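Below, each chain spelled out in residue letters.
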Amino acid sequence: MRILENAVQFGSPVLLEGVGAELNPALEPLLLKQVFKSGGVNCIRLGDTTVEYSPDFRFYITTKLRNPHYLPEVSVKVNLLNFMITPAGLADQLLGVVVAAERPDLEEQKAALVVAGADNKRQLKEIEDKILEVLSNSTGNILEDESAISVITEAKRLGNEIAAKQEGEQTEAAIDAARVAYAPCGDYLSTLFFCISDLAAIDPMYQYSLPWFTKLVLNSLDKAEKSESVPERLEAIHSHFTASMYRNVCR
């Protein structure tokens, strides 16, 4: 509690880890932000102590519960963020791992296009802001304002360059179409990961991390039988990985 009091007073962030389905009643004033004025200063009462309240104070709480269900009276006091991975999200992530190993050229191109697309959007936003600034600051006939004409001309030039770069979207669509052939592998691997994750409900010893799982995937991608046919290659990967995972889980 002393750590919490100091953090509240000096505006430091606090992380409370591993809470259960119920929260400590002593946290009630903080969660409800029961701040009051005392001598012209914002204060809050924590237990039997009154401390000065800094607006820079931040309070973060985490739980290890897989799917926590908090009562409504708790939910209204906090902002709930669920960072648990979803089957669809994991499938896409593992698909990236598979494609990066099988077709590194595709994954590199896609990553480059994502970065370029974000940069293009940033430049377009800057152009729009410049034009709006020129229009708002211009007085009289804008056609006689040399600085305004210069900015608009430069904006048009940049706009044309960015429009030409946007043709990369067609390339990205082609890359995505090629990645679709490997999509069944991402779905298959995601299903297996959630299957072994549920084993922890049987016995706590069955707990596996995503990095461990990904390492097994990469091992199977390296050792599974090669084939020019994508469906045959995926079948070989599935077969090798299933056997590998079974051996590692059962040993």
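See the structure printed just above.
Below, the structure is looked at part by part. (Residues numbered from 1 in each chain as written. Predicted model: local features only at pLDDT ≥ 70, side-chain atom pairs only at ≥ 80, totals over all residues. Heavy atoms only, no water.)

1. Examining the overall build of the protein chain
Note the following rule: Under the DSSP-based scheme used, a helix requires at least four consecutive residues in state H or I and a strand at least two consecutive residues in state E, with every element numbered from the N terminus. To sort residues, take the accessible area from a 1.4 Å probe on protein chains only and compare it with the maximum for the residue type: under 20% means buried, over 50% means exposed, and anything in between is partly exposed. Pairs of residues are marked as contacts when any of their non-hydrogen atoms sit within 4.5 Å. We get accessible surface area from the Shrake-Rupley algorithm with a probe of 1.4 Å; when it comes to residues, only the shown protein chains can shield them. We count Lys and Arg on the positive side and Asp and Glu on the negative side, and we leave His and both chain ends out. All charge positions are set by atom: Lys at NZ, Arg at CZ, Asp at CG, Glu at CD.
Scanning the protein chain for helices and strands turns up 10 helices and five strands. C-alpha extents for the protein chain along the principal axes are approximately 75 × 75 × 25 Å. Counting only residues that meet the buried cut, the protein chain has 27% of its 251 residues in that class. A separation of at least 24 residues holds for 67% of the contacts in the protein chain among residues at least 6 apart in sequence. Carbon and sulfur atoms form 56% of the exposed surface of the protein chain, whose accessible area is close to 16700 Å². For the protein chain, the distance from the average position of its 24 positive side-chain charges to the average position of its 35 negative side-chain charges is 6 Å.

2. Some thoughts on the packing of helix α4 (residues 87–102) against helix α5 (residues 104–137)
Packed helix pairs are specified by the crossing angle of their axes together with the interaxial distance, meaning the distance between the axes. Test applied: Here, axes are lines fitted to C-alpha atoms. For helices the fit covers the stretch in contact, and angles between N-to-C directions go from 0 to 180 degrees. These descriptions rest on fixed angle ranges, namely under 35 degrees for roughly parallel, over 145 for roughly antiparallel, 65 to 115 for roughly perpendicular, and the rest for oblique.
It is at 5 Å that the axes of α4 and α5 come closest, and there the two elements cross at 120°. Considered as vectors, α4 and α5 are oriented oblique to each other. Note on element contacts: α5 touches α4 through P104, L106 and E107, opposite G96, V99, A100, A101 and E102.

3. Concerning the side chain of R179
Checked against the element boundaries, R179 lands in helix α7 (residues 168–180). With residues near it in sequence (within four places) discarded, R179 still touches L95, G96, V99, E107 and K110.

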